[in-house]
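Residue-level listing of the chains:
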Amino acid sequence: MADLPGLIPGSHLNKGLGIQFLQHTERCSVLMYVVDLSIKEPWEQFNTLQYELSQFSESLIDRPKIIIGNKIDLPESQKNLPKFEKYFKDLSVLPISAKMGTNISKLLKIIKELYDNKDK
């Protein structure tokens, strides 16, 4: 698992911590995108992450993925979740609240299942 807080627009061009962070993703069998649902257009955050990964390595886009919509305890997030889901019809979003603990046990179960089945 890799945490990519330094993944910013232009990372594939080695802006910010760029390539150093992107190289971590190559060792990951599943990508978990944590999207802040409370921002104005959270789908743009996801699009940016997808774009930067695709520019680094096309194969990363085809890896299994989990989209985690964080901050579901906030009204803005509850408003944005259906819009996000509509924008990405083919992908499911697990809404969580790290602060309140909402759906954290469900997320851990999904992660465990993915880990247990990674070599099958």
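Heads up: the structure comes first, above all this text.
These remarks concern the structure in this document.

**Comments concerning the packing of aromatic side chains**
So, step 1. Here the structure, examined in full by the defined rule, presents six aromatic pairs.
So, step 2. Their ring planes at 75° and their centres at 4.8 Å tell us that Phe46 and Phe88 sit as a pair that is edge-to-face. Taken as a pair, Phe46 in helix α2 (residues 42-56) and Phe88 in the loop between α4 (75-87) and β3 (93-95) lie far apart in primary sequence, 42 residues in all. Of the two residues examined, Phe46 and Phe88, each falls in the buried class.
So, step 3. An aromatic cluster is built from Tyr33, Trp43, Phe46, Phe84, Tyr87 and Phe88, whose rings are joined through pairwise contacts.

**Section: the sheet that holds strand β2 (residues 65-70)**
So, step 1. Strand order in the open sheet formed by three strands is β1-β2-β3, with parallel pairing between adjacent strands. Of all the strands in the sheet, just β1 (31-36) and β3 have a single pairing partner and so form its edges. Each neighbouring strand pair of the sheet contributes to a mean axis angle of 25°, computed without reference to strand direction.
So, step 2. Pairing of β1 with β2, which is carried by six bridges, proceeds in the parallel orientation. Looking at β2, one finds that Met32 is bridged to Ile66.
So, step 3. Sheet strands touched by α2: β1 and β2. Its angle to β1, the strand with the most contacts, is close to 145°.

**As for the environment of Arg63**
So, step 1. Tracing the backbone shows Arg63 in the loop between α3 (58-61) and β2.
So, step 2. Along the chain, Arg63 and Glu26 lie 37 residues apart, while their C-alpha atoms are 10.0 Å from each other.
So, step 3. When residues no more than four places from it in sequence are discounted, the contact partners of Arg63 are Thr25, Glu26, Arg27, Cys28, Ser29 and Leu31.
So, step 4. A distance of 3.2 Å separates a polar side-chain atom of Arg63 from the backbone oxygen of Glu26.

Cut-offs applied
- Residues numbered from 1 in each chain as written.
- Predicted model: local features only at pLDDT ≥ 70, side-chain atom pairs only at ≥ 80, totals over all residues.
- Heavy atoms only, no water.
- Phe/Tyr/Trp six-rings, centres within 6.5 Å; stacked < 30°, edge-to-face > 60°.
- Helix = DSSP H or I, 4+ residues; strand = E, 2+ residues; numbered from the N terminus.
- Buried < 20%, exposed > 50% of the residue type's maximum accessible area, 1.4 Å probe, protein only.
- Pairing = 2+ DSSP bridges.
- Axes fitted to C-alpha atoms, helices over the stretch in contact; angles between N-to-C directions.
- Contact = heavy atoms within 4.5 Å.
- Polar contact = N/O pair within 3.5 Å; in protein donor to acceptor, adjacent residues only side chain to side chain.

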